[in-house]
Amino acid sequence: MADIVVPSVKFSGIELTGPAIDRLSRQLGDLEDIFNDKQALQALPADTTVYEVASYFPVPDGTTAGLFFGITYIHPGKVGDEYFMTKGHFHKLRDRGEIYICIEGEGMLILMDEQRQTHAEKMYPGSIHYINGHIAHRTANTGNTVLSFSAVWPSDAGHDYDTISTEGFSKILVDQNGTPALVDNQP
Ligand code: S6P
Ligand code: ZN
């Protein structure tokens, strides 16, 4: 290997560019179990894109002592009074943490511990969020423009989506007269 290396994965504006970037996109049709207002959901096209994630996986999934990096882009929008948001997950290895850094837009990071205590942190350009292990995390776009944020997490963390898919978060983020409010989840 050369003594001096120029990395080929980099930010370009708000895009992640370079070889072997993994890209995924989630549509409303993939997110039926996370929004409460099923009537409002059915009134929207199932192929509406809610968020996209570009990730850099420098080592295989499950590698101990490595790190992954990704950028999530959540489009503006609502299903009923709930903001467009990510599925949300615990890490499969519960004691693995994560760092989020907001790049642009405005939003909320919703955090729930294993006792189902939930609170939220406001996301704004430059805000840094430390997510301890054992904490489920979900992000919502509360603005009128794309919310994007970068994330760094351990490469052996894995994702447990099933717990959130079946039990949900104990609180949801809704638009109350133009203001985001965290309210009890009553599905
Ligand atoms: C990975 C990290 C993010 C999310 C992304 C989408 O640990 O927390 O890259 O994967 O924001 O959210 P979700 O809940 O659909 O994975
Ligand atoms: Zn995570």
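Since we're looking at a predicted model, the values are computed, not measured. (Residues numbered from 1 in each chain as written. Chains lettered and ligands numbered in written order. Predicted model: local features only at pLDDT ≥ 70, side-chain atom pairs only at ≥ 80, totals over all residues. Heavy atoms only, no water.)

(A) Highlighting the overall build of the chain. Across its full length, the chain holds two helices and 15 strands. For the chain, the C-alpha radius of gyration of 17 Å lies close to 16 Å, the compact-globule estimate for 187 residues. A principal-axis box enclosing the C-alpha atoms of the chain has dimensions of 60 × 35 × 30 Å. Within the chain, the fraction of its 187 residues that count as buried is 42%. For the chain, the computed accessible surface area is about 9,800 Å², with 52% contributed by carbon and sulfur atoms. The centroid of the 13 positive side-chain charges in the chain is displaced by 1 Å from the centroid of its 25 negative side-chain charges. (Helix = DSSP H or I, 4+ residues; strand = E, 2+ residues; numbered from the N terminus. Rg over C-alpha atoms; globule rule 2.2 N^0.38 Å. Buried < 20%, exposed > 50% of the residue type's maximum accessible area, 1.4 Å probe, protein only. Areas by Shrake-Rupley, 256 points an atom, 1.4 Å probe, with all protein chains shown as cover. Lys, Arg positive; Asp, Glu negative; His and termini not counted. Charge placed at Lys NZ, Arg CZ, Asp CG, Glu CD.)

(B) Seen up close, the pattern of salt bridges. All told, the structure shown has six salt bridges when counted by the stated rule. With a shortest N-O distance of 2.9 Å, Asp160 and Arg94 are connected by a salt bridge. Of this pair, Asp160 sits in the loop between β13 (147-154) and α2 (162-167) while Arg94 sits in the loop between β7 (82-83) and β8 (98-104), placing them 66 residues apart in sequence. Several salt bridges share partner residues, and in doing so they unite Arg94, Glu114 and Asp160 into one network. (Salt bridge = Lys/Arg side-chain N within 4 Å of Asp/Glu carboxyl O.)

(C) Just the coordination of the zinc ion (ligand 2), in detail. Every protein donor of the zinc ion (ligand 2) is accounted for by His89 (NE2), His91 (NE2), Glu98 (OE) and His137 (NE2), and the metal-donor separations fall at 2.1 to 2.3 Å. Here the zinc ion (ligand 2) binds six donor atoms, and the angle range of 68 to 171° at the metal identifies the geometry as octahedral. Positions of the donor residues of the zinc ion (ligand 2), expressed as sequence spacing, correspond to H-x1-H-x6-E-x38-H. The exposure classification of His89 matches that of Glu98, with both residues buried. (Donors = N, O, S within 2.8 Å, 3.2 Å for Na, K, Ca; no water. Tetrahedral: all angles 85-135°; square planar, octahedral: opposite > 155°, others 65-115°.)

(D) Looking closely at the packing of aromatic side chains. If you walk through the whole model with that rule in mind, you get four aromatic pairs. Seen from their ring centres, Phe11 and Phe69 are 5.8 Å apart, and the 90° between their planes marks the pair as edge-to-face. In this pair, Phe11 sits in strand β1 (residues 10-12) while Phe69 sits in strand β5 (residues 67-74), placing the two residues 58 residues apart along the sequence. In this structure Phe11 comes out as partly exposed when scored by relative accessible area, which is 43%. Taken together, the aromatic side chains of Phe57, Phe68 and Trp153 make up a single cluster linked through ring pairs. Taking the ring centre of Tyr161 as reference, the NZ or CZ of Lys87 above it sits at 5.0 Å. (Phe/Tyr/Trp six-rings, centres within 6.5 Å; stacked < 30°, edge-to-face > 60°. Lys NZ or Arg CZ within 6 Å of the ring centre and 35° of its normal.)

(E) Main features of the site of ligand 1. Neighbouring residues of ligand 1: 15 residues in total, closest Tyr51, Thr72, Glu98, Tyr100 and Tyr161. Within the contact set of ligand 1, an oxygen atom lies 2.5 Å away from a side-chain nitrogen or oxygen of Tyr51. Contact with the protein chains hides 95% of the accessible area of ligand 1, taken as 400 Å² for the molecule alone. Listed by contribution, the elements that provide at least two residues to the shell around ligand 1 are β4 (49-56), β8 and β13. (Near = heavy atom within 4 Å. Polar contact = N/O pair within 3.5 Å; in protein donor to acceptor, adjacent residues only side chain to side chain.)

(F) The arrangement of the sheet that holds strand β10 (residues 118-123) in detail. Taken in spatial order, the three strands of this open sheet run β10-β9-β12, and their pairing is antiparallel. The open sheet has two free edges, formed respectively by β10 and β12 (136-141), since each of these has just one partner strand. Taken over all neighbouring pairs, the strand axes of this sheet differ in orientation by 25° on average, direction set aside. As judged from the six bridges shared by strand β9 (residues 107-112) and β12, these two strands associate in the antiparallel manner. For Leu109, the partnering residue across the bridge sits in β12 and is Thr139. (Pairing = 2+ DSSP bridges. Axes fitted to C-alpha atoms, helices over the stretch in contact; angles between N-to-C directions.)

(G) Quick peek at the side chain of Ser55. For Ser55, the location among the structural elements is in strand β4. Among the residues examined, Ser55 registers a relative accessible area of 5% and is labelled buried. Not counting chain neighbours up to four residues away, the residues in contact with Ser55 comprise Leu16, Ala20, Ile21, Asp22, Phe69, Gly70 and Trp153. (Contact = heavy atoms within 4.5 Å.)

In short, the description is geometric, and any link to function would need to be established separately.
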